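If you want the building blocks of each chain, they are given just below.
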Amino acid sequence: LARGAGDNIFICTDYGMAMPRLSSHSVFTSIASVTGSKGGLNVRVMASDPRGRLYMGGMDGLVVRDVDGRARWYRSDSGAPGRRLSHNKVRDLLDDGTGMFIVSDGGLDRLDYSTGDIRHLDIMDPSGKYYSTWMYSLAEDSSGRLWIGTYNGLLLVSDKARLLSR
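Values in this document were obtained by computation on a predicted structure and should not be read as measured data.

Conventions used here
Residues numbered from 1 in each chain as written. Predicted model: local features only at pLDDT ≥ 70, side-chain atom pairs only at ≥ 80, totals over all residues. Heavy atoms only, no water. Helix = DSSP H or I, 4+ residues; strand = E, 2+ residues; numbered from the N terminus. Polar contact = N/O pair within 3.5 Å; in protein donor to acceptor, adjacent residues only side chain to side chain. Contact = heavy atoms within 4.5 Å. Pairing = 2+ DSSP bridges. Axes fitted to C-alpha atoms, helices over the stretch in contact; angles between N-to-C directions. Patch = residues over 30% accessible without salt bridge, like charges linked within 9 Å, V, L, I, M, F, W, Y side chains within 5 Å. Areas by Shrake-Rupley, 256 points an atom, 1.4 Å probe, with all protein chains shown as cover. Salt bridge = Lys/Arg side-chain N within 4 Å of Asp/Glu carboxyl O.

Asks: Describe the side chain of Thr150, and please don't skip the residues or the numbers.
Replies: Take Thr150: it is sitting in strand E14 (residues 146–150). Polar contacts involving the side chain of Thr150 include one to the main-chain amide nitrogen of Asn152, which spans 3.0 Å. A polar contact of 2.6 Å, which involves the side chain of Thr150, links it to the backbone oxygen of Gly153. Once you skip the residues sitting within four places of it in the chain, Thr150 turns out to touch Ser132, Trp134, Met135, Tyr136 and Leu155.

Written as structure tokens, this is what we have:
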């Protein structure tokens, strides 16, 4: 489930999403109608940004639907440089006002709202070793720290600005 602009509620399914209306009807939108493909149909997580765009992540990348109905499909195996995910299996999304953090089996990416570019963010220990690439969940606390659930346990990024400046 996800809440979008105007307090619309979206229900994710294996074949797309349903958006209940205030009436007894629901509207089903096929993800294939957005992607133009039979891929990207499994939606696992959804989020929206301050501009009202809807982000749908799942087993086959990230679909971003603008308020005017246009859509983009971000994947790890297609797209221009700077527009590719680290992995197609998107597990969680987090809006921070200026970008969307994307957690996947390839680690942590961030989509910049102003450019549409995606950047991979490496999280390493002081020796330069990656803490984990398989990431499952993400939250930001009231102090601006990022909490990331990974295959190896819980990571805490205490300085988000430093992470983004690298």
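After that view, the rundown keeps rolling.
Asks: How would you summarise the sheet that holds strand E13 (residues 135–140) if you had to cite specific residues and measurements?
Replies: One open sheet accounts for 3 strands, arranged E13-E14-E15; its pairing is antiparallel. At either end of the open sheet lies a strand with only one pairing partner, and these are E13 and strand E15 (153–157). Recorded for the sheet is a direction-independent mean angle of 20° between the axes of neighbouring strands. Sheet topology places E13 next to E14; 5 bridges connect them, and they run antiparallel. Looking across to E14, one finds that Ala139 is bridged to Trp147.

Asks: Please give an account of the environment of Ser158 that cites residues and values.
Replies: With respect to the element layout, Ser158 can be found in the loop between E15 and helix H2 (160–165). Placed 11 residues apart in sequence, Ser158 and Trp147 show a C-alpha to C-alpha distance of 8.6 Å.

Asks: Describe a nonpolar patch on the surface, and please don't skip the residues or the numbers.
Replies: Taken together, Trp147, Leu154 and Leu156 make up a surface patch of nonpolar side chains, about 290 Å² in accessible area. Turning to its location among the elements, Trp147 is positioned in strand E14.

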